[in-house]
Amino acid sequence: MKLEDCLKVYQRDEKYLVLNPLIPSWIVTNLNGVLLLKIYIESQTIEKTIETLNEFSNNVPVQSVEKFLNKVRGEGIFAVPAAPFIHKPYQLRAIYLNMTSSCNLNCIYCFASERKESNFKMEFNDYKKVLDSIKNYNSQAEIIFTGGEPLISNLTVPVAEYSKKIGFTNKLMTNGTLINEKNVEQIVRVFDSVKISLDGSSSEKHDFFRGSGSFDRTIRAIELLDKFGIDISLAMVVTRKNISDILAMSKKFGNRLIFQPLFHLGSAKQNDDLYLSGQEYFDALKSAGVVPFMDLNGMIQSHKINQTVLKCAIGDAEISISSSGDVYPCQLLHFDLFKVGNVKMNSFDEIYNSEKMEKFKMHTVDCIEKCKDCNLKLLCGGACQARHFSETGSLDNAGDFCEYERNGIIDGLINSATLQLV
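Attention in this report is confined to the structure presented alongside it. Everything quoted here is computed from the prediction, not taken from an experiment. (Residues numbered from 1 in each chain as written. Predicted model: local features only at pLDDT ≥ 70, side-chain atom pairs only at ≥ 80, totals over all residues. Heavy atoms only, no water.)

Sheet topology note: the strand 5 (residues 142-146)/strand 6 (residues 169-174) ladder contains four bridges and is parallel. Its bridge partner being in strand 6, Ile-144 is matched across the sheet by Lys-171. Note on the crossover from strand 5 through helix 6 (residues 156-165) to strand 6: the handedness is right-handed. Pairing analysis gives four bridges linking strand 6 to strand 7 (residues 193-197), with the strands arranged parallel. (Pairing = 2+ DSSP bridges. Helix = DSSP H or I, 4+ residues; strand = E, 2+ residues; numbered from the N terminus. Right-handed = clockwise from strand over helix to strand, strands pointing away.)

Before going further, it helps to spend a moment on the environment of Asn-255. Looking at the element boundaries, Asn-255 is found in the loop between helix 10 (246-253) and strand 9 (257-261). Along the sequence, Asn-255 and Leu-234 sit 21 residues apart, while their C-alpha atoms lie 9.2 Å from each other.

This next bit is on the sheet that holds strand 7. Strands sit in the order 9-8-7-6-5-4-10-11-12 across an open sheet of nine strands; the sheet is mixed. Both outer strands of the open sheet, strand 9 and strand 12 (341-342), are each paired with one neighbouring strand and no more. Here strand 8 (residues 231-238) pairs with strand 9 via five bridges, running parallel. Directly across from Met-236, in strand 9, lies its bridge partner Phe-259. Across the sheet, helix 9 (residues 214-226) touches strand 7 and strand 8, and the angle it forms with strand 7 is around 165 degrees. (Contact = heavy atoms within 4.5 Å. Axes fitted to C-alpha atoms, helices over the stretch in contact; angles between N-to-C directions.)

A full pass over the atoms with the stated rule returns 14 aromatic pairs. With centroids separated by 5.3 Å and ring planes inclined at 45 degrees, the aromatic side chains of Tyr-40 and Phe-78 adopt a geometry described as tilted. Of this pair, Tyr-40 sits in helix 2 (residues 31-43) while Phe-78 sits in the loop between helix 4 (62-74) and strand 4 (94-98); the two residues are 38 residues apart in sequence, bridging distant segments of the chain. Taking the relative accessible area as the measure of exposure, Tyr-40 reaches 8% and is therefore buried. Judged by its relative accessible area of 29%, Phe-78 falls in the partly exposed class. (Phe/Tyr/Trp six-rings, centres within 6.5 Å; stacked < 30°, edge-to-face > 60°. Buried < 20%, exposed > 50% of the residue type's maximum accessible area, 1.4 Å probe, protein only.)

Shown next, in the form of structure tokens:
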């Protein structure tokens, strides 16, 4: 048996990631470690490995070799799963309430601009009924208020008040421009955190995407919220136009800042010149000193408790409800193809447990062409399925942007793992 038949090796400078993609398990070592593993696999035992090494040298560090190989075996590098991994649906943990389809801005890449809604309108009692039902699935779920611009709706605050009253955590996703001295205390009272869109470190950069004057109003909102100490995160959509601003944004806002690539959805389809490839996105973040694939730590922790990643949150951990009551398995997939039902017509329980939603819950990495045979699939889980749809028009096909995850995972594992030396 050859090394490459059971293990995959990736190099970054003087470090080597040795991965068993079937479990998955891994170690990071140097070239000597890789060569020793090659001999061990061909020899099958530690004793025979040492015999082979003695044929080339009389100074074999026997104790070091034994320690290294025992450590490698203890990490499960040569293990084989007893049975295929099967996804157990996640607990529902995040519900997007799209309070309105209206917005006070006209961003040039709005992913929601092509959405179509049913001829219904959610009222307060409709939201109340849905929230009561969600408590049966997870009484500590996060309710995410979004839109459009959620602060346009006069129902956002009353619904958030009720949500908080019955024990949920509330998050507001907003462009920030409608937050002012008159409503800031009310917002801080009903929301536990606020996520604000900010696409540049100056008005010149940000306003290009979101309209004249929007930067100043957004910064003012951040300053107002900061006075009350509420948890704030800032989301920067990275494009070819603001890629050079990543470093300045990172220095200015630190760990508050969340980066997300531009998706080929909505009005962004008319701005192809703004798109970045997965490789370009990875290189841009890394060159600015930002750690790509920031959820890597959670992935490593999952591995430590003997779990694999088989899919994103679509359909089980996360769902999205439009302002007309339509239910979708993902906030980014408000299209008829993905509509599962309407809460004004059917109960939340019927919709969430429907056969169509079950298909999304079980749409794992093994359902995605190009992912099936990828060595990193159990670490990546197929990445964002909404992004695949934006690239290929299907959840069953992965686009080329996955080069970002590939590079991010390999780099992340190499940089975070303890170097195992012979």
